[in-house]
Amino acid sequence: MDEVKQLVIDIKNKNLKPIYLLMGEEAYYIDKISDYIEKTVLTEEERGFNQMVLYGRDVTVEDIVSNAKRYPMMAERQVVIVKEAQDLARTIDQLAAYAKNPQPTTVLVICYKYKKVDKRKAVYKEIKKSGVVFESKKLYENQVPDWISRVLLPKGYSITPKASQMLVEFLGTDLSKLSNELDKLQIVLPRDTQITPDHIEENIGISKDYNNFELRKAIGSKNTAQAFKIVHYFAENPKDNPMVLTVSLLFSFFSQLLHLHGMSDRNPRAVASALRVNPYFVNEYIEASRHYPMRKVSQVIATLREFDGKSKGVDSNAVPQGDLLKEMLVKIMY
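Heads up: these notes are all about the structure in this document. Since the model is a prediction, treat every value here as computed from it, not as a measurement.

1. What to know about the packing of aromatic side chains
For step 1, the next point in the chain: Tallied over the entire structure, the rule returns 8 aromatic pairs.
For step 2, the next point in the chain: Centroid distance Tyr 210 to Tyr 233: 5.0 Å. Interplanar angle 25°. Geometry classified as stacked. Of the two residues, Tyr 210 sits in the loop between α10 (197–204) and α11 (212–220) while Tyr 233 sits in helix α12 (residues 224–236), which places them 23 residues apart along the sequence.
For step 3, the next point in the chain: Since its relative accessible area comes to 29%, Tyr 233 is described here as partly exposed.
For step 4, the next point in the chain: With 5.4 Å between their ring centres and 70° between their planes, Phe 213 and Phe 281 make a pair best called edge-to-face. Placement of Phe 213 in helix α11 and of Phe 281 in the loop between α14 (268–275) and α15 (282–291) is noted, with a sequence separation of 68 residues between them.

Spelled out as structure tokens, the structure:
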């Protein structure tokens, strides 16, 4: 985020480069930066003649260069934005010649989503010299709650660790989806609100009591009654609680427990760092490690692999998801 902030500050201060290559697996920041350039570099009056948005699937590199070499009309500069530039992956290196000597009155923005331009290619090296290369990396799951807090803080909101975890487990690490849901919360909640699981349940529709986070907690603490209540809820609402996701999250949890069993240092800070989890949840992992010794953890991981296949139709003979979940839970907890 710090790199993004500096980029925005430079653009705001008119410290502009002739080429911006925005690339990487996380589309959120690519969209944010290109949108900011699109809305702020030129005035509303200048945009009509001097701002062009192209799409990679509809143009060639020659088309991009031709537009970039134009001179601005009644303005200091022009802006050319190429969206979905990853569709030009096979020919993007042809842009190297232009990048070597770019038009100084053009701001060319290349939005190369979900992929990276090969850093060995001439086009990457030339843009690095004459412009800006920004790589938007996918966040690890354990990094997303901190990202949520940092996004909310300047807007006057905070969020509890459990509420953050609910969002991450329901929406994954897609920052665009998370941002959309956070925007909805900010519309309905006043500033200075601490967002809680109740807010998430009421406004986004994620149950605060019956979700994968609570299932993991119940299994880890050997709360059999609660675990079966949650699994029964999942069986009644299969579309909102796909078994594939549940198995994946439990597999990650027990893999972390296996790692924990191999650690000699059980200091909470060391555990949080090694397992890549929020320190708030470390005690849950330590408690679970007491209930599940290393041999049992290994058995559970094998069970989860088996039911991952069954959830995808392997040797399951069209068994309902709810029945598979209950069978899996029995094998895990007994």
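2. A few points about the packing of α11 against helix α13 (residues 243–261)
For step 1, the next point in the chain: Their axes nearest at 10 Å, the elements α11 and α13 cross at an angle of 45°. One finds that α11 runs oblique with respect to α13. Judged by the twist between their axes, the crossing of α11 over α13 is right-handed. Across the interface between the two elements, Asn 212, Leu 215, Arg 216, Ile 219 and Gly 220 from α11 touch Leu 245, Thr 246, Leu 249, Leu 250, Phe 253 and Phe 254 from α13.
For step 2, the next point in the chain: In terms of residue class, the contact of α11 with α13 is built from 7 nonpolar, 3 polar and 1 charged.

3. What about the pairing of strand β4 (residues 106–113)?
For step 1, the next point in the chain: Counted residue by residue, β4 has 8 buried out of 8 residues, so it is predominantly covered.
For step 2, the next point in the chain: Neither face of β4 is left uncovered, since the one carrying Thr 106, Leu 108, Ile 110 and Tyr 112 and the one carrying Val 107, Val 109, Cys 111 and Lys 113 both have all their residues buried.
For step 3, the next point in the chain: In terms of strand pairing, strand β1 (residues 19–24) meets β4 through 6 bridges, oriented parallel. Residue Leu 22 lies in a different strand from β4, and its bridge partner there is Cys 111.
For step 4, the next point in the chain: Pairing of strand β3 (residues 78–83) with β4, which is carried by 5 bridges, proceeds in the parallel orientation. In the sheet register, Ile 81 faces β4, and the bridge partner there is Val 109.

4. Some points on the sheet that holds strand β5 (residues 132–135)
For step 1, the next point in the chain: In spatial order, the strands read β2-β3-β4-β1-β5; together these 5 strands make up an open sheet with parallel pairing. Each edge of the sheet is formed by a strand with only one pairing partner; in this case those strands are β2 (51–55) and β5. Taken over all neighbouring pairs, the strand axes of this sheet differ in orientation by 15° on average, direction set aside.
For step 2, the next point in the chain: As paired elements, β1 and β5 share 4 bridges and run parallel to each other. By the bridge assignment for β5, Leu 21 is matched with Val 133.
For step 3, the next point in the chain: Along the sheet face, helix α1 (residues 2–12) touches β1 and β5 and points at about 145° away from the line of β5.
For step 4, the next point in the chain: Where helix α6 (residues 122–130) meets the sheet, its contacts fall on β1 and β5, and the angle it forms with β1 comes to roughly 125°.

Criteria and cut-off values
- Residues numbered from 1 in each chain as written.
- Predicted model: local features only at pLDDT ≥ 70, side-chain atom pairs only at ≥ 80, totals over all residues.
- Heavy atoms only, no water.
- Phe/Tyr/Trp six-rings, centres within 6.5 Å; stacked < 30°, edge-to-face > 60°.
- Helix = DSSP H or I, 4+ residues; strand = E, 2+ residues; numbered from the N terminus.
- Buried < 20%, exposed > 50% of the residue type's maximum accessible area, 1.4 Å probe, protein only.
- Axes fitted to C-alpha atoms, helices over the stretch in contact; angles between N-to-C directions.
- Parallel < 35°, antiparallel > 145°, perpendicular 65-115°, else oblique.
- Left-handed = near helix turned anticlockwise from the far one by under 90°.
- Contact = heavy atoms within 4.5 Å.
- Nonpolar A, V, L, I, M, F, W, Y, C, P; charged D, E, K, R; others polar.
- Pairing = 2+ DSSP bridges.

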